[in-house]
Structures are given as structure tokens and as C-alpha cells.
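Here's the letter readout for the chains.
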Amino acid sequence: MNNKISLTIFLSCIIWGFTLTAQNETHNPGSYGKLNPPIYVPSIAQQIKDGTFIDADIPNEPKKGHPKGRGANITVPGKGLPKGNDELAQIQQRTQLREGKDPFLVFDANVAYYTPSDPTGAVGPNHFVGAWNVGFRIFDKEGNPLTPTASLGTLFPGNEIGDPIVFYDAEADRFVITEFDNNPNGFNMAVCEGSDPVNDGWYIYTTGFETGEFPDYTKFSVWSDGYYVTANISATDKVFVVERDEMLQGNTPQFVSFPLPGIVTSGFYSPQFFNVTDSDLPPTGNATLVYMQDDAWAGVSEDHIKLWTVNVDWDDITSSTISDPLEIETTPFISVFDGGSFSNVPQPSGQDQDVLQATIMNQAQYRRFSDHNSAIFNFVVDTDGGTDELAGIRWFELRQVNHGDPWTIYQEGTYISPYNGKNAFSGSMVMDEQGNIGMGYTTCSATEMISVNYTGRYSADPLGVMTVDETLIAESTGNNPSNRLADYVQLSVDPVDGKTFWHIAEYFTSLGRTDVVGVFQIASDFADDVGVTNITNPITGELSEEEQITITIYNYGTNTQIDIPVCYTVDQGSSVNEIFEGPLASGESAQYTFSATANLGDVGNTYEITAYTNMSNDEFRENDTITSSVFYMYPNDLGVVDIIKPVSGTGLSDENVVVTITNFGTAEQSDFDVSYSFEGNVVTEQVPEHVTQGSSIDYTFNQQAIFSNFGEYDFAAYTSLPGDADHSNDTTTSTILNSMCQPEANCESGDGFYYFAVGDIENESGCSPDGYSDYTNLITELEINSINELTVTTHYGDQYVKVWIDFNDNFVFESNEVVINNMIIAYGQASGVFTKNADLIIPGDAFLGQHMMRAKSNWNAIVPDDACEGTEYGETEDYMVDIVMHLDLNEIPLQNSELVVKTLNKDVYNISLDKTDTDEVLYIEVHDVLGQKLVQNKVRKSNGKYEYMLDMSFAEPGAYIVRLGNRSYGKIAKIIVQ
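Cut-offs and rules
Residues numbered from 1 in each chain as written. Predicted model: local features only at pLDDT ≥ 70, side-chain atom pairs only at ≥ 80, totals over all residues. Heavy atoms only, no water. Helix = DSSP H or I, 4+ residues; strand = E, 2+ residues; numbered from the N terminus. Rg over C-alpha atoms; globule rule 2.2 N^0.38 Å. Buried < 20%, exposed > 50% of the residue type's maximum accessible area, 1.4 Å probe, protein only. Contact = heavy atoms within 4.5 Å. Areas by Shrake-Rupley, 256 points an atom, 1.4 Å probe, with all protein chains shown as cover. Lys, Arg positive; Asp, Glu negative; His and termini not counted. Charge placed at Lys NZ, Arg CZ, Asp CG, Glu CD. Pairing = 2+ DSSP bridges. Axes fitted to C-alpha atoms, helices over the stretch in contact; angles between N-to-C directions. Core = buried A, V, L, I, M, F, W, Y, C linked by side-chain atoms within 4.5 Å. Disulfide = S-S within 2.5 Å. Phe/Tyr/Trp six-rings, centres within 6.5 Å; stacked < 30°, edge-to-face > 60°. Lys NZ or Arg CZ within 6 Å of the ring centre and 35° of its normal.

(A) Quick peek at the overall build of the chain. Each helix and strand in the chain was counted, giving three helices and 70 strands. Taken over C-alpha atoms, the radius of gyration comes to 32 Å for the chain, in line with the 30 Å a tight globule of 978 residues would show. If one aligns the C-alpha atoms of the chain with their principal axes, the spans along those axes are about 100 × 80 × 55 Å. Counting the 978 residues in the chain, one finds 59% classified as buried. Expressed as a percentage of contacts within the chain between residues at least 6 apart in sequence, the contacts between residues at least 24 apart total 66%. Here the chain displays about 37500 Å² of accessible surface, and carbon together with sulfur accounts for 45% of that area. The centroid of the 46 positive side-chain charges in the chain is displaced by 7 Å from the centroid of its 139 negative side-chain charges.

Structure, rendered in C-alpha cells:
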């Protein structure tokens, strides 16, 4: 068993805590051998000249790309931290942003006819090569095409299966283009014979070995001794290496493959090897593979990243090894969206977009510096911890001092769009030669169309944040008709200057799905360019009348600087001017503390400090200045900042109350009062714990909150501290919704349903306890696009009846699911026996399969639109209907199958479906009673039946709907989590 070693690293006065799992074992290759000898293909220019060039196929109509393998991601409902907002995203939100520079160049590289287009591309000394689905094109550095759009068949004779990846091997000065192969399953690689992808020929390599199954979502990386590959496959061997030196010479290279020991996956997954960004290759060996592990997945106890080390010995390939994973704890993150499904964030109209969860985005980049090695990578996270899901980008910089040393986290952050609650995802990162980071990414929201943007940070910026404002590359003029959006995007850095970034991504124009290239830069082009990047002291807290001012100065320019004028002001007052002697070399930063102190001695006051350089020959003034606000905290200032419990749910009764209390003051606090109130009730208790300056505690009240009725409750919690200086932060409020949904009503006088019949359902009943009965064990088949007779008998007149069928199986009865709308029985009558018939129409666009049906009555008034709302008199009953389509020869798949739910142990269920007439892949989904999808995953038939193990042990107690089927037909069942 691996030993856990807890380390604390002190870097730049920032404490980063993480846990390492020692790499104490290695594993041998799964397979090895030699690839097929290469095929030589003439240059693109020669093919155009002799007429053998193959244009990219333009289909008559848009086509779907390859489906994402292995289905949606498996998660455990309710499991995983954080439960609230992403703490690193909150730091990013407070960061002062610099204005970004407009891109130097933006051009459309391709109009795509496949969904999605999956654009990739890389820049070289004289060319940009872009590729997508089944084609590629070569451009000059001004965005002018040098070739027509080429079919992949131009390079890979007889193979246009698609999903190419382009990368540039800077040390070799070669472009490489790859694609899938399915005969046998594997991948093909085209290595340019020379540095000119237009005029030089290509060595074409087919795998010569099988990957075990179709290599979905391949990722490629350059390392000193090989080209390293990963794929989203379930086969034992998941990573592959091919011999780089031999491929570059056009010889027959070796290959080797490895398993990934200790990896935990959740369905679709995508790790990646570190890719060498520039021409400075590391010593051979110690190639590193990275993947994230979310504690919302089964088998993962805490959020962390895993790192594997691969050492290939091409002289004795059998001695090659892959290590056990190194585990590094991270700040908690939520990587799961919509229970793991592939439709996640909205656009103004059309389908929700897939944010590519469980993916290390293309590419994980590696760069060597004089005193350390850096690796950067990112993946998408949900930042708001709520049901509305706001996508952001969790990014990391790892460092090692020497090649082969263990990697540690140098900085991590969560980037979110600073504007209008837009979702930010599909990030791609590269570090330039100065250590500045550029990141291209995609945004969209319910009000803003898909856009491609960039942000970034300078190497001297405060750790863990992007400081360049969101800067637009391209904005869509139309919406995406599909949920699939660019499985690949790619950012590369220009090898000529080491600082210009080239990003390719996907957006939508009047021509449709389009691949766009944006060229931008973080680093300065000026010789003399210096600025202040940070005010490191003072910080919010207890201040004084003689406060020292410490700043960080950064040399953006190429010339070394001395005697740099530095200045600061407080609240736009008179300027303090001093000289930083230096020297300060290009790309270096230094701290400077002013000898003149500042009077910041008024408690409760916020001070605005502006610091700047004032070099007379500075060629770019926009980055000279930075402003920071600091607050002289009151000694006594306490407040409730969050209500953790209770939360909205079903069947709430006696609920625990848990709140988060934060000390905003400088004095330690204890034995203070905290209260909660709702519905006119106030509960006050004394908190014995000590709360230090700037810290928070979670306090659980001894007295529970009692929710006796369904509906909304205005809930408040607050502190009462004698002498509290700022009451504006004392109180936090929330709205608690108590729903079952089992609406209550009184039917003792004969109201409600005494006979309910439709199809095969004939139910004679009396008044239900509290006016609700669950008859979902009764089911009838109703044919699509049919008219069915509904018969209802009541024992009291003036009954209004409404019936819903939950066609979309989200456990919410919506207005477009009403099939009987306020039918009136025995208008004006009192006690008696009254029966009425009505037509229950199943529309032609209804989804096939099992759905819940709710019948609801109300006396002397229309039935509320909210199917969960209780009424004074009436009744609610739930049934099941099976929407079918009678075919001439073939029965509908699943029609005669039974969905069986077996409880294996507390809240762990075996879901099975047998006697099926289909072998297709089905989907399992779990919804809560508020309609939120908690789980979605593919289920394949095995041993004659479909079977799925559902772990609900972390879910909140209550009712849930389980659905197993295809997109148009399924079986559903209700489960109760205790």
C-alpha cells in the first residue's frame, strides 16, 4: 500500500499544502514491437502539380463527427467537495485585471461540415498548420492559405477516418499530423520530411499494432525520446510511445504501450503527457503523464491530481517502465456537470453545450528554465456549487528543481469570465519564454453566443490568478444546433520569438460551424518597459499611522534597467517618489519597500493605494500602474456568511441548522450569540468556539428548525456581538423550498378520486391519507398519437381535475405536459356520486417509454399550475403510463422488459433490465424531485441483460426517479433514499 507523505512547500511567501503518494513501484510494458515501415508521400506542392492532391470532402449536408466514447461520466450523487463555491474562483474574482491587447491577427481557417469540427493547429517558423475532422490546410504567418483545403487522404492513402491532431516538434523543426485508424484500431502519424510542410515530403506511419479498441480522443505530446500518446479507451493499455528519433529519419521505429496503474475514471476520461513547448528538450526519460481525480467519483476520497512517470529504454524495450502514480492534493474542485452528461451550459437558443468534463485539455505544456522546470495544464470545473452550474477553468503550474525530481504545485487557480456570468471552458494554455502564461478559451451563456477569448498572466504576477482581462478573439453570429462543440482546441507559441501565441477554436458564423485562429501576445515588444505588478504590503487587517508600502516591479522590456523611479499615492493624494536602484534584467521582478511610510491609521477606513513606475524612456505606459484597496479592520466585526443547512428538499420536517460564521475583525471572538429565524420563530444560542481574525467556523445549532408545511420559507441567520462595528455583514438569508412532491389536501368529505380508469388502469380507492396516494405500481400502455378515454368518479361535486404526464422524465410536471386541463365534474353539486369521461390525448411527439402520470383534483377552484402545491380540498394520485407505438412486425425494444430495482445494502441498488429485444447501448439517468439530473451514463448489454450498480449513499434523503432506456423509449422506477 502506498504511504501518504504530507508536505508543506513555502514558495514566494505562499503556503501550498498537498499530499504525496510515493512512486514506490514500477510496471512493465503491456506490449511492444515495431511499427510498419513508413510510406513516403510526396509534398503537397508536388501533389498539386502532378494532380494527385485530394481536396477535402464537402458533403451534401452537415455530418456528425465521431461520438464520444464510453458515455457520460459516473458520479456518486451528493459526494464530493466543495459543497459551496470554488474558493480559488473567488480569489480570481477579486483580482484587478489589466486591459488585454487586441489580437494581432484573426482569420477563419475553415468552414466545417462535421459536428464538431475538432480544430487543432500549431505554428512553426514560417507556417501555421490547421486541421479538423477530415482535412487540413497550411497558412503563412499572415493567415494567407498556401494550399487548398486538403483531405487527410492526401497524407494517409485510403484513410480519411478523421480527428487529426497537429503538433510542431520545435527541436526537430518538423510538423506532425495524426489521425485515427480503425483497421486495425490505432492511430496514424505523418512526419514532415523537412521544415517546410508545403514543399517537403512526408513519412507516413501506420500503427502496426492494435490499441485494443478504437482510440477515442487521442492526445499527442513531444518528449526527448518519443512521441507520447493517450486515448480514452477501456483496454488495459491506455498509453503509448513511439520512437521519435527513428520516425524523424524515416526509419522503422519501435513502439511500446503501458497500463495506467491506480487510475480512477468515471466513464469518458482524458489524461495527457507533458509536451515540450520549445526546442529545449529535457534529458531522455522521466516523461510525465497527468490526470485529475474528483472525489465526486466512486473510489476517490479527496480531490487530487495523479502523475505517472514513464521511462522507455529503446535498447532493451522490455525494461521500460511506468511508475505508480504520484498523488498531489489540490484545493477542492467540482469537475462534474449535470450528473456527468454531455449537455451542460446554455447558449441563447438551442442545445446546452458540452464543456468537456473529465479532460486534461489540449495540451499539457512543459518548459525548462535556468533554475526550474515548469508544466502547466487545465480542466473545466463548476465554480458556483449550485444547481445553475457556472463553468470555470481550474489551472495549475507544477515545478521541479531538477529533471526527474518530484513535481509539486507552484500555483493553482480557477479562472472565470469576469463578465455577465458567462461560462468559461475549453481552455488551452502555453507558457512563453519569459514565463508568462497565455490561455485561449471559449465562453457562452443564456444571453451571449459562443465566443473565443484569451486571458493570461505575467510571470511576476501574484500567484494563482490570471491578470489579463478577457479579450475577444471572435464572437459567434449564430447558435450551435448541437451540444457538441470543439472536442479539441489548441494554443501554441511561435518558435521564432518565443512569445506570440496562436490559438485555434470553433465558433459560428453565417456560414455555420467555423474554425478561427487568433494571434495574440502577453509579453512586451519594447526595449524599455517597466511596471508595478503588485502591492504586497499593506494588506487588509490592522493598519497603522506608519505603514510600510512594498511593491513588486517587473521588467517587461528587453533592456536591463537601473535607477527606476517608483511612486505611490494614497487616496489620490500627493505622490511619494523614490528610486529603485536595480539592476533589473529583462523578464525579472524585484520587491521594493518605500522608505516613506503611509498614514493608514483610521480604523474602519478603506484606503486606495496606487503604485507606479515613472521611467522617462518607458515605451508602454499602460502597464506601469496598479491600484489596491486595503481596509483597516474593526476589532469587533462578526457575521454569518453562509447557511449550509437546511437546504431545499422534499418532505422537510425537523432539520439541523448549520451556518458559517466569519470573523471580519482583528480581535479573537468567542462566547457570542448566533440566531436563526423563519416564520416568526427566533432561536438564539451561544457559540463557545474561538474564531480568530479572518477565519471561519461552521456552527451547528442544538435546536432544529421545524418545517411543518410544504412551500417556501424565508430563512435568516445572524450574529449578535456587543460592540460589532459593521452590522451590514451580520446576516445571511436564504429561501428554503419544502417539496415532496406529495401535495396535501382534505378528501374526507368525498373530494378527489374514488374511481380512476384509463387504458388498463382501473383503480377503485377511498380518500388517501393527507390527500396523496402513490399508485405507480399501476401501469397502462397508451399508444402515441392516440385518444384514450379517461373515467373519473368522485363523491363530491364541483371537482376540477388536471392530469399531467411527465414526458421528459425529469420528475417535474410542467405546463406542456398537461393532458387533462381542469375538467369540471358535477358543477354546482355537493355530496353525491359523480362520474365523468374525457379524452386523454397522447401527442404525436411524445417520448416513447414509461412516464409518471399525476392526477390532481381541487374543490370549487381550478387546480394550481404547480403540481406540488397543496389545496384545502381535493386529492393527488400518481400512476405510470407506457407510451408505445405498435409496429407491424417488430415490437418496440424494452416493451416487454421489466425494470428491476434491488437494494443491495443501504442506498446501493442493482438496476437491471432483461428480456430485451435490442442490443443497443442504453442510458441510465437519475433525477431528483426538483428535476435536477444527478447521474447519466451508458449501459451495455452483458450476458443477456442490462445491469448497473447505482450508489446513492451520498445523496440527500428523499425520492428519486431512475430511468433506463434509449433517447426515445425507456423504463422508469422510483427509489427512496433513507
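(B) Structural view of the sheet that holds strand β59 (residues 818–825). If you trace the five strands from one edge of the open sheet to the other, you get β56-β62-β61-β58-β59, paired in mixed fashion. Looking at which strands have only one partner, the edges of the open sheet turn out to be β56 (772–783) and β59. In this sheet, adjacent strand axes meet at a mean angle of 20° when their direction is disregarded. Pairing of strand β61 (residues 849–859) with strand β62 (residues 874–884) involves ten bridges; the strand directions are antiparallel. Looking across to β62, one finds that histidine 851 is bridged to valine 881.

(C) Layout of the sheet that holds strand β70 (residues 970–977). If you walk across this open sheet you meet the four strands as β66-β65-β69-β70, and the pairing is antiparallel. Unpaired on one side and paired on the other, β66 (933–939) and β70 mark the two borders of the sheet. Recorded for the sheet is a direction-independent mean angle of 15° between the axes of neighbouring strands. The sheet contact formed by strand β65 (residues 922–928) and β66 spans six bridges and is antiparallel. Paired with histidine 927 across the bridge in β66 is lysine 933.

(D) Structural view of the nonpolar core. Met189, Tyr227, Phe274, Tyr291, Phe377 and Leu398 are the most contacted members of the largest nonpolar core, which has 104 residues in total. Those residues in contact with leucine 398 that lie beyond four places of it in its chain are Phe274, Ile305, Leu307, Asn373, Ser374, Ala375, Phe377, Trp407, Thr408, Ile409 and Tyr410. Counting residues in each nonpolar core, the second largest holds 31 residues, with Leu782, Phe807, Met853 and Ala855 among its members.

(E) Inspection of the state of the cysteines at higher detail. As enumerated under the stated definition, the model contains one disulfide in all. A disulfide bridge connects cysteine 747 with cysteine 767, and the sulfur atoms are separated by 2.0 Å. Residues cysteine 747 and cysteine 767 are joined by a disulfide whose S-S torsion is about 90°; by sign, that bridge is right-handed. Placement of cysteine 747 in the loop between β53 (731–739) and β54 (755–758) and of cysteine 767 in the loop between β55 (761–764) and β56 is noted, with a sequence separation of 20 residues between them. Judged by relative accessible area, cysteine 747 falls into the buried class, the value being 1%.

(F) Spotlight on the packing of aromatic side chains. For the structure shown, the criterion picks out 47 aromatic pairs. Between the aromatic rings of phenylalanine 631 and tyrosine 634, the centroid separation amounts to 5.8 Å while the plane-to-plane angle is 70°, which identifies the pairing as edge-to-face. By relative accessible area, tyrosine 634 is classed as partly exposed at 22%. Here a set of aromatic residues connected by ring pairs shows up, and it is made of Tyr676, Phe678, Tyr699, Phe701, Phe707, Tyr713 and Phe715. The positively charged end of lysine 79 is found above the aromatic ring belonging to phenylalanine 954, 5.6 Å away from the centroid. Positioned over the ring face of phenylalanine 620 is lysine 101, at 5.5 Å from the centre of the ring.

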